[in-house]
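One letter stands for each residue in the lines below.
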Amino acid sequence: MKFYNLNYRKENINFNQALKKGLGKNQGLFFPMNLPKLNNKIIKDLLNLNFIDRSNYIISLFLDEKEILSNDLKLQITKAFNFPLLLNLIDKNIACLELFHGPTLAFKDFGVRFMAQILNFFNRKKKIIILTATSGDTGAAVAHAFYKIKNIKVVILYPYKKISILQEKLFCTLGNNINTIAIKGNFDDCQRLIKQVFQDKELTKLLYLNSANSINISRVIAQICYYFEAFAQIPLNQKEKKIIFSVPSGNFGNLTAGLIAKTIGLPIYKFIAATNINDTIPRYLNKGYWQPKKTISTLSNAMDVSIPNNWPRIIEIFNKNNWNLNKLESCSITDEQTTRTTINVFNKYKYILEPHTAVSFCALEKQILKKDTFNVFLGTAHPAKFQNYIYKILHKKIILPKILINCIKKKNLSYILSNNFSDLKNFLIKNYVI
Ligand SMILES: *Cc1c(COP(=O)(O)O)cnc(C)c1O
């Protein structure tokens, strides 16, 4: 399949190129040329397959056999999706799709691990440098996904002393092909530095750079697969109900994947786009005007985004399907509501929510009262990542998963640099130019 650029529709490239380019001309996102429609019989058969075989079928809709043979693709998927995925029923018609059992305990493992494996497969001996900035979760997912992959080096920038020790240990202790740099500045400085690197003629000539960020089409395609798995795990006696998904959203990559799953035939009745008080999208959908505000810090910090970078893809999906945007329900949740939801859900169901997942649950509350619905809220991070918060409000100690315990003991290997571009440039030339 070909992919076209949403800002320059004449630019058509195949998957392999879209994967390596990330963004096209005029900063445009890539989008699949035609979204196939699977009939009910095929969907039914697909739901009977295991997760890996089904994911292989779904992803192969977007890649040509000429680019990668089915068996090779299956091998990459098997390496990427090597952790459990669970639809955890907390009541008859409510379930959490737990996407947080991967190596860095957040749903980003799905997209980034697939990207790492497929990039490795398509790479022909070039030395690729993955350069990315993180305020927490993405850095960990990227570091673990690319760890020890041949011919790929990873450089991750993050703001010095501005992320939690636990978060820092999760990706700054790996070593090998993973280099981490603490920048004396804030997250915006890190993002600015990355932009400057990608615009620097000398560096882009010397180094073969890729950013692995959330606009990469490979990450979105990988995420389609878990919506199908959720369906496969819905209990038999709930399957005929209206299936509703609540998606905690920041850059809207997760929701983009869900809408593509629906477009190709998965019978999802409705989506709810749940945001924190960074509510550009809920205000846009409810009031009709586009007016991003300054980004505000919240408990669900991975969703502190006021200009969601996948939004143009969502508009494209609605246009192509002739769906009206008012079919998309959306809802903005405050930190008070997030905390109240965490407390209520624990008291009522004995289930522990971290803040992002609490946002997705809270946005569902009106739906779960309806008997003819089955409601899935996406769980995007493991509660153990928010130990202190959960102890504070629920007085519960969470046992840390092994991966976190192991990292805490290890030494932080980060370099520390100023927020001057010239310092970073010298560092890159000194360490990566061969
Ligand atoms: C990134 C992230 C989100 C938001 O996902 P998008 O695809 O950017 O909308 C939600 N929860 C957690 C824990 C995340 O890390």
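All values derive from a computational prediction rather than experimental measurement. (Residues numbered from 1 in each chain as written. Predicted model: local features only at pLDDT ≥ 70, side-chain atom pairs only at ≥ 80, totals over all residues. Heavy atoms only, no water.)

### Considerations on the pairing of strand 5 (residues 94–98)
For a regular strand, side-chain orientation follows a simple rule: the groups alternate between the two sheet faces.
Line of reasoning, step 1. Counting buried positions along strand 5 gives five out of five residues, so the element sits mostly inside the fold.
Line of reasoning, step 2. The alternating pattern of strand 5 places I94, C96 and E98 and A95 and L97 on opposite faces, both of which are buried.
Line of reasoning, step 3. Direction of pairing for strand 4 (residues 86–91) relative to strand 5: antiparallel, over a ladder of five bridges. Paired with L89 across the two strands is A95, which belongs to strand 5. (Buried < 20%, exposed > 50% of the residue type's maximum accessible area, 1.4 Å probe, protein only. Helix = DSSP H or I, 4+ residues; strand = E, 2+ residues; numbered from the N terminus. Pairing = 2+ DSSP bridges.)

### Some remarks on the site of the ligand
Line of reasoning, step 1. The environment of the ligand is formed by 15 residues, the closest being K108, G250, N251, F252 and T380.
Line of reasoning, step 2. Taking D137, its side chain carries an N or O atom lying 3.0 Å from an oxygen atom of the ligand.
Line of reasoning, step 3. N254 is positioned with one of its backbone polar atoms (N or O) 2.9 Å from an oxygen atom of the ligand.
Line of reasoning, step 4. For the ligand, whose unbound accessible area comes to 390 Å², protein coverage reaches 96%. (Near = heavy atom within 4 Å. Polar contact = N/O pair within 3.5 Å; in protein donor to acceptor, adjacent residues only side chain to side chain. Areas by Shrake-Rupley, 256 points an atom, 1.4 Å probe, with all protein chains shown as cover.)

### What about the layout of surface pockets?
Line of reasoning, step 1. The calculated volume of the second largest pocket comes to roughly 440 Å³.
Line of reasoning, step 2. Taken together, 15 residues make up the lining of the second largest pocket; nearest its centre are K44, L47, F231, K239 and P267.
Line of reasoning, step 3. When contributions to the lining of the second largest pocket are tallied by element, the ones reaching two or more residues are helix 2 (40–47) and helix 10 (217–233).
Line of reasoning, step 4. With four residues, the top contributor of residues to the lining of the second largest pocket is helix 2.
Line of reasoning, step 5. Partitioned by chemical class, the residues of the lining of the second largest pocket number eight nonpolar, three polar and four charged. (1 Å grid on protein atoms, 1.4 Å probe; cavity = no way out; pocket = protein on both sides within 12 Å on 5 of 7 lines; lining within 4 Å. Points joined across faces, edges and corners; volume = space filled by probe spheres on them. Nonpolar A, V, L, I, M, F, W, Y, C, P; charged D, E, K, R; others polar.)

### Structural notes on the nonpolar core
Line of reasoning, step 1. Counting residues in hydrophobic clusters, the biggest one holds 114 residues, and the most contacted among them are F81, F114, F146, Y227, F228 and F245.
Line of reasoning, step 2. When residues in this core are grouped by element, the largest group, 11 residues, is from helix 10.
Line of reasoning, step 3. Excluding its chain neighbours within four sequence positions, the residues that come into contact with F228 are I43, L46, L47, R54, I58, A261, I264 and L266.
Line of reasoning, step 4. Of all hydrophobic cores here, the second largest spans 21 residues; its members include I94, V345, Y349 and C362. (Core = buried A, V, L, I, M, F, W, Y, C linked by side-chain atoms within 4.5 Å. Contact = heavy atoms within 4.5 Å.)

### Observations regarding the packing of aromatic side chains
Line of reasoning, step 1. Within this structure, the stated rule accounts for 23 aromatic pairs.
Line of reasoning, step 2. One cation-aromatic arrangement involves K126 over Y208; the distance from NZ or CZ to the ring centre is 4.2 Å. (Phe/Tyr/Trp six-rings, centres within 6.5 Å; stacked < 30°, edge-to-face > 60°. Lys NZ or Arg CZ within 6 Å of the ring centre and 35° of its normal.)

### Let's talk about the pattern of salt bridges
Line of reasoning, step 1. What the rule picks out here adds up to 13 salt bridges.
Line of reasoning, step 2. Here K41 ties to D45 by a salt bridge, and the two come within 2.5 Å at their closest N and O atoms. Pair noted here: K41 and D45 are both in helix 2, with a separation of four residues, about one helical turn.
Line of reasoning, step 3. By relative accessible area, which is 56% here, K41 ends up exposed.
Line of reasoning, step 4. A single network of salt bridges, built from pairs that share partners, joins D200, E202 and K425. (Salt bridge = Lys/Arg side-chain N within 4 Å of Asp/Glu carboxyl O.)

### Looking at helix 16 (residues 387–394)
Line of reasoning, step 1. Inspection of helix 16 places Y389, I390, I393 and L394 among the buried residues, and these make up the whole buried set. One side of helix 16 holds all its buried residues, which, seen down the axis, span an arc of 95°. Those residues of helix 16 that are exposed and angled more than 90 degrees off the buried face are N388 and K392.
Line of reasoning, step 2. Lining the buried residues of helix 16 we find helix 14 (335–349) and helix 15 (355–362).
Line of reasoning, step 3. Of the residues one or two after helix 16, H395 is the one with positive phi, at around 55°. (Arc of directions from axis to C-beta.)

### Structural notes on the sheet that holds strand 7 (residues 152–159)
Line of reasoning, step 1. In space, the five strands of this open sheet follow the order 9-6-7-8-14, with parallel pairing throughout. Edge positions in the open sheet fall to strand 9 (208–210) and strand 14 (415–417), since each of these has one partner strand only. Adjacent strand axes in the sheet meet at a mean angle of 25° when their direction is disregarded.
Line of reasoning, step 2. Pairing of strand 8 (residues 178–183) with strand 14 involves three bridges; the strand directions are parallel. Following the sheet pairing, I181 is matched in strand 14 by Y415.
Line of reasoning, step 3. Across the sheet, helix 6 (residues 137–146) lies against strand 6 (128–133), strand 7 and strand 8, angled at about 165° from strand 7, the strand it touches most. (Axes fitted to C-alpha atoms, helices over the stretch in contact; angles between N-to-C directions.)

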